[in-house]
Amino acid sequence: MVACSGPPAAARLDLEIIRGYVPGYNGVLGHEFVGTVVAYGPPPPAAAAGSGADTGSWPPPSTPLGTRVVGEINCNDAHYTCADAVFQRNHAPGRSVLGIIGRDGCLAQYTALPALNLHVVPPGLSDAEAVFAEPLAAACRIPEQGLPRQPGSDRVAVIGDGKLGLLTAAVLSRHLAAAGGHRLTLVGRHDAKMALVPGDLDRVVSEGDGSAVAERLGGQFDLVVEASGSAHGIRTALALCRPLGTVLLKSTVSTLQPPAAPATATTAGSEQGQQQGPAAATAAAPTWAELANDIVVNEKVLVGSRCGPFDAALQLMAGDEGVRRLLRSMVAAELQLAAAGTAALERAASKGTLKVQVVM
């Protein structure tokens with residue numbers, strides 16, 4: 001176990017936890033940070049030998065005291081091992097999750113993580129850029145999942161112009177371009193936010209209830225990434241997805257609060273209506289029957305997606321000035337930890353805010 005000190009950030013997920021997304025959690029919030037290694041605890045137990053832990057040298061030579069690091073949030077506290085490295089990273093039984101499940105988060109002067117969770121920050125990255133490693137890694141998770149399946153020919157849309165939507169658009173637009181594929185389509189509510197994403201992509205503004213966009217783009221995409229942060233986003237994603245296509249879900253929202261107003265919404269009607277296109281829009285949150293009818297009849301695939309590879313995210317940051325410019329442009333405020341208190345969360349919850357960073 002290692003203790004780190006450094007600037008964290010207030011994220012949208014912190015707001016959802018406050019609203020009840022993780023029932024019973026009453027610890028310190030925060031899971032996005034860049035920090036400096038200041039202390040090590042005792043080495044991992046001998047039972048962890050062969051699990052990938054560097055039990056032969058402690059502290060690990062890769063992250064000596066004073067090293068600037070970022071950290072993965074899933075903590076393999078039970079030292080679970082298996083042949084599937086991604087399962088072990090994201091879903092190890094008995095894990096705690098930084099600032100989310102069973103482990104105090106990083107909105108504090110110090111935070112503690114397993115040494116194996118740490119990644120060294122490349123020297124060319126500022127703290128303000130490196131603190132985006134966790135959400136950028138979540139965006140990099142999509143190509144790691146093998147999506148889009150055919151980047152040279154698949155048509156891809158991203159729904160949402162919040163932080164994760166913009167990062168996802170940046171990652172996937174580069175992924176498609178590298179394969180010589182189609183331009184990515186980004187659907188959001190704000191021209192100015194979508195303009196922050198560098199590169200050649202189609203930006204579509206959704207106004208009102210979004211039914212016009214769903215009608216115009218309905219059934220056109222092989223892969224639709226839902227990153228709206230709204231319980232209504234899946235309805236729009238399904239409307240845009242073609243039969244036999246894939247909808248990848250990134251949004252996590254509390255079930256204990258009324259859902260926000262939809263970004264774009266269409267209702268699923270009869271089998272004939274589903275095959276011909278979206279029906280009239282509604283402000284009601286989608287029901288499972290509504291979603292399942294569309295999924296079953298049109299044989300669409302739902303894919304969940306969460307934490308991703310930090311090494312890929314850091315490599316992308318270090319090698320792409322356009323991505324670093326996007327990261328810097330999303331910072332709406334920097335607040336001192338000693339004076340931040342609830343102010344950081346209140347600012348993060350304010351309309352139009354993409355990212356609030358807490359500094360020491």
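No experiment lies behind these values; they were computed from the predicted model shown.

Undergrad: I keep staring at the overall build of the protein chain and nothing clicks. Help me out?
TA: A tally of regular secondary structure across the protein chain gives 14 helices and 18 strands. In the protein chain, which comprises 360 residues, the proportion classed as buried is 49%. For the protein chain, long-range pairs separated by at least 24 residues make up 72% of all intrachain contacts whose partners lie at least 6 apart in sequence. As displayed, the protein chain has an accessible area near 15200 Å², and 55% of this comes from carbon and sulfur atoms.

Undergrad: What's the story with the nonpolar core in this structure? I'm lost.
TA: If you look at the biggest cluster of nonpolar residues, it comprises 43 residues, and the most contacted ones within it are Val70, Leu136, Leu167, Leu184, Leu186, Met317 and Met330. For this core, the elements supplying multiple residues, two or more each, are helix 4 (133–144), strand 11 (156–159), helix 5 (163–178), strand 14 (221–226), helix 11 (310–319) and helix 12 (321–329). It is helix 5 that contributes the most residues to this core, 7 residues altogether. Aside from chain neighbours lying at most four places away, what touches leucine 136 is Leu167, Val171, Ala313, Leu316, Met317 and Val323.

Undergrad: Sorry if this is basic, but what is going on with the sheet that holds strand 12 (residues 185–188) here?
TA: Note on sheets: strands pair through backbone hydrogen bonds, and any given pair is parallel or antiparallel. One open sheet holds the 6 strands; their spatial order is 13-12-11-14-15-16, and the pairing between them is parallel. Taken across any chain shown, the strands that pair with only one partner, and hence form the sheet edges, are strand 13 (202–205) and strand 16 (301–304). Across the sheet, the mean angle separating the axes of adjacent strands is 20 degrees when strand polarity is ignored. In terms of strand pairing, strand 12 meets strand 13 through 4 bridges, oriented parallel. Counterpart to valine 187 in the pairing with strand 13 is valine 204. Packing against the sheet, helix 8 (residues 233–240) makes contact with strand 11, strand 12, strand 14, strand 15 (241–249) and strand 16, and its axis sits at approximately 150 degrees to strand 15.

Undergrad: Which parts of the structure should I look at to understand the environment of valine 356?
TA: As for its position among the elements, valine 356 is in strand 18 (residues 355–359). Residues valine 356 and leucine 345, spaced 11 residues apart in sequence, show a C-alpha to C-alpha distance of 8.1 Å.

Undergrad: Please explain the packing of aromatic side chains as it appears in this structure.
TA: Geometry of an aromatic ring pair is reported as the spacing of the ring centres plus the angle between the planes. Counted by the stated rule, this structure contains 2 aromatic pairs. Look at tyrosine 80 and phenylalanine 87: their rings are 6.0 Å apart centre to centre, the planes differ by 55 degrees, and that puts the pair in the tilted class. By relative accessible area, which is 28% here, tyrosine 80 ends up partly exposed. Judged by its relative accessible area of 34%, phenylalanine 87 is partly exposed. Its guanidinium or amino end placed over the ring of phenylalanine 132, lysine 355 lies 5.5 Å from that ring's centre, counting from NZ or CZ.

Undergrad: Explain the packing of helix 5 against helix 12 here, please?
TA: When two helices pack together, you describe them by how their axes are tilted relative to each other and by the distance separating the axes. Interaxial distance between helix 5 and helix 12 falls to 11 Å at its minimum, and their mutual angle equals 170 degrees. Classified by the angle their axes make, helix 5 and helix 12 are roughly antiparallel. When helix 5 is examined against helix 12, the residues Leu166, Leu167, Ala170 and Arg174 are found in contact with a partner set consisting of Gly322, Val323, Leu326 and Leu327. Classifying every residue of the contact of helix 5 with helix 12 by side-chain character gives 6 nonpolar, 1 polar and 1 charged.

Undergrad: How do you make sense of the confidence of the model for the protein chain when you look at a structure like this?
TA: Low pLDDT marks regions whose predicted coordinates should not be analysed in detail. The pLDDT averaged across the protein chain works out to 86; a share of 86% of its residues lies at or above 70. Overall, residues 47–54 carries pLDDT values under 50, and its contacts beyond four positions in sequence, including any with other chains, amount to 10 contacts. In the model, residues 262–282 has pLDDT below 50 throughout and makes 55 contacts with residues more than four positions away in sequence or in other chains.

Undergrad: Even after reading the chapter, I still don't get the pairing of strand 18, so can you show me in this structure?
TA: The side chains of a regular strand alternate between the sheet's two faces. By the criterion of burial, strand 18 is predominantly enclosed, with 5 of the 5 residues buried. Here strand 18 shows two buried faces, one formed by Lys355, Gln357 and Val359 and the other by Val356 and Val358. As defined by bridge partners, strand 17 (residues 331–336) adjoins strand 18 across 5 bridges and the pair is classed as parallel. The partner of alanine 333 across the bridge, within strand 18, is valine 356.

Undergrad: Mind showing me how you'd approach the pattern of salt bridges here?
TA: Pairing between side chains of opposite charge can happen when their charged atoms approach one another. Applying the stated rule across the entire model yields 16 salt bridges. For aspartate 202, the salt bridge identified is with arginine 183, shortest N-O distance 2.6 Å. Taken together, the residues aspartate 202 in strand 13 and arginine 183 in the loop between helix 5 and strand 12 connect sequence positions 19 residues apart. Of the charged contacts, one joins glutamate 290 and arginine 235 as a salt bridge, the two residues approaching to 2.7 Å between their closest N and O atoms. Taken together, the residues span a long stretch of sequence, with glutamate 290 in helix 10 (residues 288–297) and arginine 235 in helix 8 at a distance of 55 residues. When salt bridges that share partners are traced, they join Glu129, Glu321, Arg324, Arg325 and Arg328 into one network.

Cut-offs applied
- Residues numbered from 1 in each chain as written.
- Predicted model: local features only at pLDDT ≥ 70, side-chain atom pairs only at ≥ 80, totals over all residues.
- Heavy atoms only, no water.
- Helix = DSSP H or I, 4+ residues; strand = E, 2+ residues; numbered from the N terminus.
- Buried < 20%, exposed > 50% of the residue type's maximum accessible area, 1.4 Å probe, protein only.
- Contact = heavy atoms within 4.5 Å.
- Areas by Shrake-Rupley, 256 points an atom, 1.4 Å probe, with all protein chains shown as cover.
- Core = buried A, V, L, I, M, F, W, Y, C linked by side-chain atoms within 4.5 Å.
- Pairing = 2+ DSSP bridges.
- Axes fitted to C-alpha atoms, helices over the stretch in contact; angles between N-to-C directions.
- Phe/Tyr/Trp six-rings, centres within 6.5 Å; stacked < 30°, edge-to-face > 60°.
- Lys NZ or Arg CZ within 6 Å of the ring centre and 35° of its normal.
- Parallel < 35°, antiparallel > 145°, perpendicular 65-115°, else oblique.
- Nonpolar A, V, L, I, M, F, W, Y, C, P; charged D, E, K, R; others polar.
- pLDDT = per-residue confidence, 0-100.
- Salt bridge = Lys/Arg side-chain N within 4 Å of Asp/Glu carboxyl O.

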